[in-house]
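Inside the fold
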Amino acid sequence: MRVLVVGSGAREHAILWKLAQSPRNPELFAVPGNAGTAGIATNLPIAVTDLDALIGAAGEYRIDLTIVGPELPLTAGIVDRFREAGLRIFGPTQAAARIEGSKSFARGVMRDAGAPTPAFAVFDDAGAAREYVRSQGAPIVIKADGLAAGKGVVVAQGVDEALEAVDDAMVGRAFGASGERVVIEQCLVGQELSVFCFTDGEYVSPLVPACDYKRVFDGDQGPNTGGMGGYSPPPWWDAAMERQIRETCIEPVIREMARQRSPFTGVLYGGLMLTDEGPFIIEFNARLGDPEAQLILPRMKNDLLDVVEAALDGTLPSMDLRWSDECAVGVVLVPGGYPGAHETGKRIEGLLEAGRDAVILHAGTALSDGGTLVTGGSRTMTVVGRGVKMADARAHAYVAAEAVTFEGKHYRTDIASFAAV
């Protein structure tokens, strides 16, 4: 069987890493992949949004199944295009991917589904948005409606900051067309949590949880990033919480998507806030998270290939999807200056030592003309430690983080610090 994974980050490396363990021994391809995926898959140098080229490659390489990693090709309609071409692909349609691509659409679905969501209002006019901010006060959350690479959300602690965020998005066009409409939301206080499920459009698998760290510096300081690490499972997660979140936050939304004739097939990622009043949905994403995929896939006890095909075939309810009790801690290594401007092409060393007790998942890595592993753009890699106890998983991750070397390397030292020994 030939399987293509679309994407170039550590999430996609984690998907390929898990697929490579399948007893069905699939032949793996990545578009465009990275230096790490090249060790287990054939990398094809195609942009993830070049749908015509992707369809052509799927035909040329006789791909039996495509799995989509990032959100951009999903919101661009890759699933619809592949299906029209008679190609088997795992992920939501363009209509269903609006649950990530449009925050106003997602909030409307949550409202209609009766799922717990913060109070919100949607604005296409900057003046009306400003008046709403002044009437509501702060703290308050300003969100660009469309995709903004994780940078379109401002949790404003004061009214002036909120007004500036409205102007940046709607007048200054800091996020382009994605900020022409904004969603302004009630600011909730509590513990953030990410949950993931596989769904065939009707059935929702048991949830698997993770917690991530978005700020670039220790103590949640500095600018937001794509994610600096995380851990799974949270020590306070239990069966009662899983059932409550699945029954109140996830299943009603899946039913509502089907009712609106946009059934969601794929991985649904819920970003939640656990408040004193119970869990609230902060956002939905239409795919596995990054770095969360690197944390949960090593804990999956099933063959990922079987799970994906069951979701596509409608046999997911009969699959006993199981997650290990093992703990996973991931630490993301980034170049100095990230998420701002930073240099690339720095030699990476120490992977052999780092990989003795951790899983090394590449993201922004490349091979130089001489075959040397070097840093590329954005985040460099995620090192994942595993253990029966969270403290053991954390220790393995940080030994690996120290072992990998490249000029300017930076990582947070407080991932899963509650388990430090």
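Everything that follows concerns the structure shown earlier in this document.
Below or above, wherever it landed, is the structure these notes cover. (Residues numbered from 1 in each chain as written. Predicted model: local features only at pLDDT ≥ 70, side-chain atom pairs only at ≥ 80, totals over all residues. Heavy atoms only, no water.)

Some thoughts on the sheet that holds strand 1 (residues 2-7)
Where strands meet in a sheet, backbone hydrogen bonds hold them as pairs that are either parallel or antiparallel. Ordered in space as 3-2-1-4-5, the five strands form an open sheet in which the pairing is parallel. A strand with exactly one partner marks an edge of an open sheet, and here the two such strands are strand 3 (42-43) and strand 5 (89-90). Summarising the sheet, strand 1 and strand 4 (residues 65-68) pair through four bridges and their orientation is parallel. Residue pairing in the sheet places Val5 in a bridge with Ile67 of strand 4. The strands touched by helix 1 (residues 10-19) are strand 1, strand 2 (27-32) and strand 4; relative to strand 1, the strand with the most contacts, the crossing angle is about 165°. (Pairing = 2+ DSSP bridges. Helix = DSSP H or I, 4+ residues; strand = E, 2+ residues; numbered from the N terminus. Contact = heavy atoms within 4.5 Å. Axes fitted to C-alpha atoms, helices over the stretch in contact; angles between N-to-C directions.)

Description of the pattern of salt bridges
Applying the stated criterion across every chain yields a total of 28 salt bridges. Two residues, Glu71 and Arg287, come together in a salt bridge whose shortest N-O distance is 3.5 Å. With a gap of 216 residues between them, Glu71 in helix 3 (residues 71-75) and Arg287 in the loop between strand 16 (278-285) and helix 10 (292-296) connect regions that are remote in the sequence. Salt bridges linked by common partners bring Arg24, Arg88, Asp306, Glu309 and Asp313 together as one network. (Salt bridge = Lys/Arg side-chain N within 4 Å of Asp/Glu carboxyl O.)

Some details on a negative patch on the surface
Together, Asp160, Glu161, Glu164 and Asp168 line one region of the surface with negative charge. When you line up the elements, Asp168 lands in helix 8 (residues 159-170). Residue classification places Asp168 among the partly exposed residues on the basis of a relative accessible area of 38%. (Patch = residues over 30% accessible without salt bridge, like charges linked within 9 Å, V, L, I, M, F, W, Y side chains within 5 Å. Areas by Shrake-Rupley, 256 points an atom, 1.4 Å probe, with all protein chains shown as cover. Lys, Arg positive; Asp, Glu negative; His and termini not counted. Charge placed at Lys NZ, Arg CZ, Asp CG, Glu CD. Buried < 20%, exposed > 50% of the residue type's maximum accessible area, 1.4 Å probe, protein only.)

Section: the environment of Asp200
Mapped onto the secondary structure, Asp200 falls in the loop between strand 10 (191-199) and strand 11 (208-212). Considered as a pair, Asp200 and Val308 are 108 residues apart in the sequence and their alpha carbons are 9.4 Å apart. Those residues in contact with Asp200 that lie beyond four places of it in its chain are Phe264, Thr265, Ala311, Gly314, Leu316 and Pro317. Polar contacts involving the side chain of Asp200 include one to the main-chain amide nitrogen of Glu202, which spans 2.9 Å. Within the structure, Asp200 has its side chain in polar contact with the backbone nitrogen of Tyr203 (distance 2.7 Å). (Polar contact = N/O pair within 3.5 Å; in protein donor to acceptor, adjacent residues only side chain to side chain.)

A few points about the pairing of strand 14 (residues 229-232)
Look at any regular strand and the pattern is simple: side chains alternate between the two faces of the sheet. Of the two faces of strand 14, the one carrying Gly229 and Tyr231 and the one carrying Gly230 and Ser232 are both buried. Pairing geometry for strand 11 and strand 14, over two bridges, is antiparallel. The residue of strand 14 that forms the bridge with Cys211 is Tyr231. In the sheet, strand 14 pairs with strand 17 (residues 327-333) via four bridges, with the strands oriented antiparallel. Paired with Gly229 across the two strands is Val331, which belongs to strand 17.

These figures come from the coordinates and say nothing about function on their own.
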